[in-house]
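Residue-level structural notes
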Amino acid sequence: MECYKILSVIPDSERFNLTDQIRRASTSVVLNITEGWSRKSEIERKRYFEIARGSVIELDSCF
């Protein structure tokens, strides 16, 4: 939810590039954590959690 609040204050010159990227990355975090929890194998779960972590780092770079 915080990502969407921040999107409203992004300058117009960056709006198209960053807005789309932030939306996709923030959605990716939630979806990968959810999918990771559905996996029975610990190795698979960790893989999805690492992908989610990568998306969090991507968001940090955008901000």
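Parameters at a glance
Residues numbered from 1 in each chain as written. Predicted model: local features only at pLDDT ≥ 70, side-chain atom pairs only at ≥ 80, totals over all residues. Heavy atoms only, no water. Helix = DSSP H or I, 4+ residues; strand = E, 2+ residues; numbered from the N terminus. Rg over C-alpha atoms; globule rule 2.2 N^0.38 Å. Buried < 20%, exposed > 50% of the residue type's maximum accessible area, 1.4 Å probe, protein only. Phe/Tyr/Trp six-rings, centres within 6.5 Å; stacked < 30°, edge-to-face > 60°. Lys NZ or Arg CZ within 6 Å of the ring centre and 35° of its normal. Core = buried A, V, L, I, M, F, W, Y, C linked by side-chain atoms within 4.5 Å. Contact = heavy atoms within 4.5 Å. Expected span 1.5 Å × (residues − 1). Bend = angle between axes of the 7 residues up to and from the residue. pLDDT = per-residue confidence, 0-100. Axes fitted to C-alpha atoms, helices over the stretch in contact; angles between N-to-C directions. Parallel < 35°, antiparallel > 145°, perpendicular 65-115°, else oblique. Left-handed = near helix turned anticlockwise from the far one by under 90°. Nonpolar A, V, L, I, M, F, W, Y, C, P; charged D, E, K, R; others polar.

**Considerations on the overall build of the protein chain**
On a plain count of helices and strands, the protein chain comes out with three helices and zero strands. Sequence-ordered secondary structure for the protein chain, helices as α and strands as β, is α-α-α. Against the compact-globule benchmark of 11 Å for 63 residues, the protein chain has a radius of gyration of 14 Å, which places it well outside the compact range. For the protein chain, with 63 residues in total, the buried portion stands at 24%.

**Topic: the packing of aromatic side chains**
Evaluated as defined, the whole model comprises one aromatic pair. The lysine or arginine in question, Arg47, covers the ring of Tyr48, its NZ or CZ lying 5.1 Å from the ring centre.

**Things to note about the nonpolar core**
Core analysis: the largest hydrophobic core is formed by eight residues, namely Cys3, Leu7, Ile10, Ile22, Ala25, Val29, Leu59 and Cys62. If you tally residues by element for this core, the top one is helix α2 (residues 12–38), at three residues. When sequence neighbours within four positions are dropped, the list of residues in contact with Cys3 reads Ile22, Ser26, Leu59 and Phe63.

**Overview of α2**
Compared with an ideal rise of 1.5 Å per residue, which puts 27 residues at 39 Å, α2 spans 39 Å between its outermost C-alpha atoms and is within 8% of the ideal. In the structure, α2 departs most strongly from a straight axis at Leu18, where the bend amounts to approximately 40°. Where α2 is concerned, the buried positions are Thr19, Ile22, Ala25, Ser26, Val29, Asn32 and Gly36. Residues of α2 that are buried in the fold lie against α1 (2–7) and α3 (42–62).

**Observations regarding the side chain of Asn32**
Relative to the helices and strands, Asn32 is located in helix α2. In this structure, Asn32 is in contact with Tyr48, Ile51 and Ala52, ignoring residues within four places of it in sequence.

**What to know about the confidence of the model for the protein chain**
Per-residue pLDDT for the protein chain has a mean of 88; in total, 100% of the residues score no lower than 70. When mean pLDDT is taken per element in the protein chain, α3 scores highest with 94 and α1 scores lowest with 74.

**Observations regarding the packing of α2 against α3**
Direction vectors running N to C along α2 and α3 enclose 160°, while the axes themselves pass 8 Å from each other. With respect to their mutual orientation, α2 and α3 come out roughly antiparallel. Considering only the axes of α2 and α3, their crossing is left-handed. Across the interface between the two elements, Leu18, Gln21, Ile22, Ala25, Ser26, Ser28, Val29, Asn32, Ile33, Glu35, Gly36 and Trp37 from α2 touch Arg45, Tyr48, Phe49, Ile51, Ala52, Ser55, Val56, Glu58, Leu59 and Cys62 from α3. Class assignment for the residues of the contact of α2 with α3 results in 13 nonpolar, six polar and three charged.

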